[in-house]
Amino acid sequence: MALEIKHLLGLKDVSKSDITQILDAADKFYEVLNRENKTVPTLRGKTVVNLFYENSTRTRISFEMAEKRLSANPLNFSASGSSVSKGETLRDTVQNIEAMKIDMIVVRHGSAGVPKFLTECTGATIINAGDGYHEHPTQALLDMMTIRQKLGRLEGLKVAIVGDILHSRVARSNAWGMTTMGMDVTCCAPTTLLPQHTESLGVKVTTKLDEAISDADVVMLLRPQLERQTHGLFPSVREYRTYYGLDRDKMKLMRNDALIMHPGPINRGVELEAEAADCPQSVILDQVTNGVAARMAVLYLLGGGEHE
Amino acid sequence: MNPIRLLLESSEIRRIITRISHQILERNSDLSQLALIGIQSRGVYVAKEIQKNIRDIEGFEIPMGVLDNTFYRDDYRSSLSHEPKVTDVPFDVTGKVIILVDDILATGRTIRAALDAIIDLGRPSAVRLVVLVDRGQRELPIRADFVGKKMTTAPNERVSYRVEELDGEDSLWLMEKDI
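Residues numbered from 1 in each chain as written. Chains lettered and ligands numbered in written order. Predicted model: local features only at pLDDT ≥ 70, side-chain atom pairs only at ≥ 80, totals over all residues.

Enquirer: Can you walk me through the overall build of chain A in this structure?
Expert: On a plain count of helices and strands, chain A comes out with 11 helices and 9 strands. Taking 308 residues into account, the globule formula puts the C-alpha radius of gyration at 19 Å, and chain A, at 19 Å, falls close to it. Referenced to the eigenvectors of the C-alpha coordinate spread, the extents of chain A come out at roughly 55 × 45 × 35 Å. Expressed as a percentage of the 308 residues in chain A, the buried residues total 46%. A sequence separation of at least 24 residues applies to 75% of the contacts in chain A between residues at least 6 apart. (Helix = DSSP H or I, 4+ residues; strand = E, 2+ residues; numbered from the N terminus. Rg over C-alpha atoms; globule rule 2.2 N^0.38 Å. Buried ≥ 20, exposed ≤ 12 C-beta atoms within 10 Å, placed from the backbone. Contact = placed C-beta atoms within 7 Å.)

Okay, here's the thing in structure tokens:
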């Protein structure tokens, strides 16, 4: 069975059956990653361009790793040091790269909608690796993969997403993906870090941490995006930490068996104290491992068959 | 696909697999070197049956693994994506005599992919191939060491192995492909 989607632009319009198929394949790639030889020849001869207009450590390395584990040829492009600084437009850059005969583009960009735009000006398969405040679908897929791996299911589980919902494409992708999978999602943040109409994502909203985390199966922390804090959305880092940072005391409000997740990078001592980040309930490093498997699954399922 | 006729029924299949199990033992005196790998999905059922037979005959449990060759197939580009199944080979293949088991041998492409997958796991001292049915139509230079039933089929024919766990009965059918 093939996926209904031809590109992965976001999880908003991805069906339950497609998400399930990606997560099932990701579990199979997880097994491959535990072999001594972690490479399979599946995408031999396919060229994948990693087009990164924004900084990234985890996502870029994770995609490159996934491509190499599948025997594809990765080609890395970062906007800094490229002809973008000479004034070349996105369309021209991409069409020039495409003229070198490539198959897929993994794109990260500061503007929402860039991946969609690329599907209109190239024939390559597009995978969104984060666009503005819009979506970061592979992060949500690896999060759901991790939850399913640890708790055995998704349907009916309660998830609290705590932190900078306003600036978070991770929160958006998770809200859409998790509600599609029948999960019960609560977003928790100070009012200034909640977008307007958050409920339209199909989630519950609260500003009170204890309300969000007391009966959650999963508590996912997001960092306040300090680099995007242009107009003082909370008084001070210290105040944020006092009300929303997960430390030993606030962990007592959680169920003992609840998972602690974080998409990284962690601001230690802000949203997450070391005792929470490094405790047995923390699956933060499992998320990183699963990230490679989930991205292999996406590349694999979108890369097959002939392009029309 | 439409069934043309029943080729083998449950008791005949069981007898064939018992014969193959004896042949494997006859040609491999050192049981500690042997390991079974069943190819997903239906090769796994044949491999399980062989493992059970050898346990009954020799009182010795041969390790068994399950292999999915999806990531090694050569039709990834031409067909829509294949859904991968579980691979679980819980032993080191290096130095072992691997008894690779599948239900039907035809083009040989499944076996080619499976051999590549096994060799990526390690270096077996040998790989022997068991198939329940060899129906001809080979496209690659592959042959089986242990064959349950050898037959000739037309290009539009298929052989279908039904197993109790999935289909409610053990049987082997000749099928005709829809045009």
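What follows picks up the thread again.
Enquirer: Whenever I open this one, the sheet that holds strand 4 (residues 125-131) of chain A confuses me. Can you help?
Expert: In a beta sheet, neighbouring strands pair by backbone hydrogen bonds and run either parallel or antiparallel. Residues and elements named next belong to chain A. Spatially, 2-1-3-4 is the arrangement adopted by the 4 strands of the open sheet, whose pairing is parallel. Here the strands that pair on one side only, and so sit at the sheet edges, are strand 2 (73-78) and strand 4. Adjacent strand axes in the sheet meet at a mean angle of 15°, parallel and antiparallel pairs treated alike. Judged from the 5 bridges that link them, strand 3 (residues 104-109) and strand 4 form a sheet pairing that is parallel. Residue pairing in the sheet places M104 in a bridge with T125 of strand 4. Here helix 4 (residues 114-121) sits on the sheet in contact with strand 3 and strand 4, set at roughly 160° to strand 4. Strand contacts of helix 11 (residues 284-303): strand 1 (47-52), strand 3 and strand 4, with the helix running at about 150° to strand 4, the strand carrying the most contacts. (Pairing = 2+ DSSP bridges. Axes fitted to C-alpha atoms, helices over the stretch in contact; angles between N-to-C directions.)

Enquirer: How should I be thinking about the sheet that holds strand 8 (residues 171-176) of chain B in this particular structure?
Expert: Residue and element names in this part refer to chain B. Pairing within the open sheet is antiparallel, and its 3 strands lie in the order 1-8-7. Looking at the sheet topology across the chains shown, the edges are occupied by strand 1 (2-9) and strand 7 (157-162). The mean inter-strand angle of the sheet, taken between neighbouring strand axes irrespective of direction, is 25°.

Enquirer: Explain helix 4 of chain A to me, please; I cannot follow it from the model alone.
Expert: Residues spaced three or four apart along an α-helix face the same direction, because each turn holds 3.6 residues. All names here are of chain A. By the burial criterion, the buried members of helix 4 are V114, P115 and L118. Each buried residue of helix 4 lies within a common arc of 100° when the element is viewed along its axis, so the set occupies one face. Where helix 4 is buried, its residues contact helix 3 (90-98), strand 3 and strand 4. (Arc of directions from axis to C-beta.)

Enquirer: What exactly am I supposed to notice about the interface of chain B and chain A here?
Expert: It is common to give the size of an interface as the accessible area that goes away when the parts come together. Residue-level contacts link 14 residues of chain B with 16 residues of chain A. When the residues that make up the side of chain B that touches chain A are grouped by side-chain class, the tally is 7 nonpolar, 4 polar and 3 charged. (Nonpolar A, V, L, I, M, F, W, Y, C, P; charged D, E, K, R; others polar.)

Enquirer: Would you mind going over the packing of helix 1 (residues 16-33) of chain A against helix 5 (residues 137-151) of chain A with me for this structure?
Expert: Each pair of packed helices gets described by two things: the angle between the helix axes and the distance between those axes. Residue and element names in this part refer to chain A. For the pair helix 1 and helix 5, the least separation of the axes is 10 Å and the interaxial angle reads 65°. Considered as vectors, helix 1 and helix 5 are oriented roughly perpendicular to each other. Of the two possible hands of crossing, helix 1 and helix 5 adopt the one that is right-handed. On the side of helix 1, the interface is formed by I22, L23 and A26, while helix 5 contributes L141, M144, M145 and R148. The residue inventory of the contact of helix 1 with helix 5, partitioned by class, reads 6 nonpolar, no polar and 1 charged. (Parallel < 35°, antiparallel > 145°, perpendicular 65-115°, else oblique. Left-handed = near helix turned anticlockwise from the far one by under 90°.)

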